[in-house]
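Here are the chains, one letter per residue:
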Amino acid sequence: MSRSKLRLVNFYYLFTIIIYFSGIYFPFIRVGVSMSLLMIIGIIILYINKSFSLKNQLDILVFLYIIYNIFSFVFFTFSGLPMSVFIKEFSNSILPIIIFYFFGKINDYNSFYKITLYSLVVCFIIGFYFQFTVPSNYAIFMNKIDSIGTDPAHFKVNYRSFLGLTATGSLSALGVLLSFGILQKSKFKKGKIMLSICFIALILTFRRAALYTGFFALLWINYLLFFKFKGAKFKLLLLEFLIFFSFMYYFLDSNPEFLDDLLERFSSLSSAVDERSDSWFNGLSNTQNLLFGDGLGRYGHKAVEYSKLYIPDGNYFRMIGELGIFGFLLFIFIIFTSIYNALPKLKESYIELGVVIMVCMQAVGSDIISFQLVAPIFWYSIGRCSRYSSLNKKKVLV
């Protein structure tokens, strides 16, 4: 198989968005299964091209984490839950690691972020149309994704494109960061419209975690431009003000309470923690094996219909319950090693670092690392961080 076939992995988000869009008009399409098949094909392509290798500490940690999750099935069997719960969780959480971590390591021809951003922007634009028109087939599809019913009034509260509310919030926040990468590389000649679209999508989701991480993205971007990079600092500030005030002027004119609602949502962090803390600690109190965990998927959303012992919306507490303290620490070592590798080369790694930090921030109160729509870009970014390790000398062009 030609090595150029590897470049098809760069188009994963484009293929995924096409699948989701098609699902609106062809109800028989199972988007989750289709995405899993895409990843399996990608893994086969990487395997044929001998792209799996362990060359540094981060590679070994990620490999151990994958193996540990696979063998956690032994503990999962004692839960009494059907095997399908483990398989679905494995496809959501672990398949993306296998393909995107190792692809991120070898992908010198790094168009993944650019193609992903373009795909998301197109998705958000189409999503704006659906948001205002709410055709019946779109409402039925989104009810399958988010379980919100088919009443058009439900779609006027939060913007969810056609990827679902949580995924749209997370990806629009990441889109703000990726847009800055285009702006920076083009010296502010490209990327302004994409930044505007991602910013508007982010605000309209009204998702707390996404709003916080989007705010972090803006702080990160401005910090880099003012203190680390040479660039048009004031052009960025002017652009940010123009986007923000134009957006607010339009929405305050049509909805005078919009700003108050947004600020209330943005300032409700403590209530968000309070809402989930009981379920977190109740779940941990029922964990049978706190050291090694009760098995991947045991406390996830896939297990809710079979068991009341779950820890929704909190990846770290869930990891402790499913993988134990050992598995959780393994994941933490992966994150800190990634950051340690990338920080010395901040001018090259700022996008990767931003993605990793933003997703980890959202994971405090969300299962975002287990989302098939978000996990790929997260693990791809960690794979990119592996390239900055001083132990990894070999470069491969993809």
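Position labels on residues start from 1 in each chain and follow its written sequence. Reporting in this predicted model follows two pLDDT cut-offs: at least 70 for local features of residues, and 80 or more for side-chain atom pairs to be given and counted; totals over whole chains, interfaces and linings ignore these cut-offs and use all residues. To get the side-chain values, take all heavy atoms of the structure and skip hydrogens and water.

The next thing to look at is the side chain of Asn10. You can see Asn10 is positioned in the segment before helix H1 (12-25). What makes Asn10 buried here is its relative accessible area of 1%. Helix numbers and strand numbers start at the N terminus; a helix is a DSSP run of H or I with at least 4 residues, a strand a run of E with at least 2. Type-normalised accessible area, obtained with a 1.4 Å probe on protein chains alone, sets the label of each residue: buried when under 20%, exposed when over 50%, and partly exposed for intermediate values.

Attention shifts here to empty space enclosed by the protein. Put simply, the grid is 1 Å and covers the protein atoms alone, a cavity is a trapped set of points that fit a 1.4 Å probe, a pocket is an open set with protein on both sides within 12 Å along at least five of seven lines, and lining residues have an atom within 4 Å of a point. Grid points are joined across faces, edges and corners, and a volume is the space filled by probe spheres set on the points. Enumeration over the complete set of coordinates arrives at one cavity of 30 Å³ or more. Quantified by volume, the largest cavity comes out at close to 120 Å³. Broken down by element, the residue count for the lining of the largest cavity peaks at five residues, all from helix H15 (residues 315-342). Under the convention adopted here, Pro, Cys and the residues Ala, Val, Leu, Ile, Met, Phe, Trp and Tyr are nonpolar, Asp, Glu, Lys and Arg are charged, and Gly plus all remaining residues are polar. A breakdown of the residues in the lining of the largest cavity according to their chemical character gives eight nonpolar, three polar and three charged.

What follows covers the side chain of Ser172. Mapping Ser172 onto the fold places it in helix H9 (residues 165-185). Using a relative accessible area of 0% as the deciding quantity, one classes Ser172 as buried. Whenever two N or O atoms come within 3.5 Å, that pair is a polar contact, provided that in protein one can donate a hydrogen and the other can accept it, and provided that, for residues adjacent in sequence, both atoms are side-chain atoms. Within the local environment of Ser172, its side chain forms a polar contact with the backbone oxygen of Gly169, the two atoms lying 2.9 Å apart. The contacts of Ser172, once residues within four sequence positions are left out, are Phe124, Cys198, Ala201 and Leu202. Residue contacts are counted whenever heavy atoms from the two residues lie within 4.5 Å of one another.

With that settled, consider H1. Under the 1.5 Å per step criterion, the end-to-end length of H1 is 21 Å for 14 residues, consistent within 8% with the ideal 20 Å. Every buried residue of H1 is accounted for by Tyr12, Tyr13, Thr16, Ile17, Ile19, Tyr20, Ser22, Gly23 and Ile24. Looking at the buried residues of H1, the elements they touch are helix H2 (31-48), helix H6 (95-106), helix H7 (112-133), helix H8 (136-146), H9 and helix H17 (375-386). For a helix, the expected span equals 1.5 Å multiplied by the number of residues minus one.

Residue-level confidence of the predictor is what pLDDT reports, using numbers from 0 through 100. When pLDDT is averaged along the chain, the result is 84, and 85% of the positions lie at 70 or above. Low pLDDT, under 50, characterises residues 391-398; the stretch is placed with 23 contacts to residues that sit more than four places away or in other chains.

On to H17, then. With 12 residues, H17 extends 17 Å between its outermost C-alpha atoms, agreeing within 8% with the 16 Å of an ideal straight helix rising 1.5 Å per residue. With 12 of 12 residues buried, H17 lies mostly within the body of the structure. Every buried residue of H17 is accounted for by Ala375, Pro376, Ile377, Phe378, Trp379, Tyr380, Ser381, Ile382, Gly383, Arg384, Cys385 and Ser386.

This paragraph deals with the nonpolar core. Residue types Ala, Val, Leu, Ile, Met, Phe, Trp, Tyr and Cys, when buried and joined through side-chain atoms within 4.5 Å, form a set referred to as a nonpolar core. Among the nonpolar cores identified, the biggest contains 124 residues, and Phe162, Phe378 and Trp379 are the most heavily contacted of them. Filtering out sequence-adjacent residues up to four positions away, Phe162 remains in contact with Ile17, Tyr20, Phe21, Ile24, Cys123, Ile126, Gly127, Phe130, Tyr138, Phe141 and Met142.

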